Every structure is written in C-alpha cells, then in structure tokens.
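A closer look at the structure
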Amino acid sequence: LNFGMYFILPGFYPTVEAVPQTFQERFLRLLANHYVMSFGMYWAHRSLHVVPYLWDHIHSIHHWAKHPLSRNTYEDHWAITLVMPS
C-alpha cells in the first residue's frame, strides 16, 4: 500500500528538485501525523466497542479469550482490517 502511495498521491514522494525540509519542519510533521493517526485509531477502535453491530459481528472475536495469551492476541475478524488497517 505504501509503495502505491508514492505514485498515487501527488507530493507523497519528494522529487529530485524538492527543497529539503528543516529538522523542525520534519519533527512537527511527524508529531502532527502521530496525533492525527492516534486520534483516528482511537475513535475507530472505540466504535468497534460501542456500535452493537460492529461489536457483535466483528470485534468480539478479538475478545473471545478469557485468558489472553500471545498466541490469541491477534485473533481478529477479517473485516477489522477494513476499519483499522494497521
């Protein structure tokens, strides 16, 4: 997916003529990206718990184990990757 973004999104992949960003600009972009992604992931995950259809048919599979172990941590419904792709 990320490889495809290089060619699909204009400006995602810097051109040879692009002016290098300063450290401060790169850091602020990284920080902004972190908070935007965290905000989106939080609300996407919260909706999986709050919306009855999403909980009953998709996300409850992730919480089936009474004693979570490392081998069942990533047990998810296939549709969860549509809501939370990472």
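Here the structure is shown first, and the text comes after it.
Residues numbered from 1 in each chain as written. Predicted model: local features only at pLDDT ≥ 70, side-chain atom pairs only at ≥ 80, totals over all residues. Heavy atoms only, no water.

**A look at the overall build of the protein chain**
A count of helical and extended segments in the protein chain gives four helices and zero strands. In sequence order, the protein chain lays out its α and β elements as α-α-α-α. Taken across its 86 residues, the protein chain has 13% of its residues classed as buried. Of the contacts made within the protein chain by residues no fewer than 6 positions apart, 22% connect residues no fewer than 24 positions apart. When the accessible area of the protein chain is evaluated, it comes to approximately 7,900 Å², of which 67% is carbon and sulfur surface. (Helix = DSSP H or I, 4+ residues; strand = E, 2+ residues; numbered from the N terminus. Buried < 20%, exposed > 50% of the residue type's maximum accessible area, 1.4 Å probe, protein only. Contact = heavy atoms within 4.5 Å. Areas by Shrake-Rupley, 256 points an atom, 1.4 Å probe, with all protein chains shown as cover.)

**Side note on the pattern of salt bridges**
This model, assessed by the stated rule, comprises one salt bridge. Here Arg29 makes a salt bridge to Glu25, at a shortest N to O gap of 3.2 Å. Separated by four residues within a single helix, Arg29 and Glu25 lie in helix α2 (residues 23-50), roughly one turn from each other. With relative accessibility at 33%, the residue Glu25 sits in the partly exposed group. (Salt bridge = Lys/Arg side-chain N within 4 Å of Asp/Glu carboxyl O.)

**Brief notes about a nonpolar patch on the surface**
On the surface, a cluster of nonpolar side chains totalling about 690 Å² of accessible area is made up of Phe23, Phe27, Leu28, Leu30, Leu31 and Tyr35. Mapping Tyr35 onto the fold places it in helix α2. Overall, the relative accessible area of 54% leaves Tyr35 in the exposed class. (Patch = residues over 30% accessible without salt bridge, like charges linked within 9 Å, V, L, I, M, F, W, Y side chains within 5 Å.)

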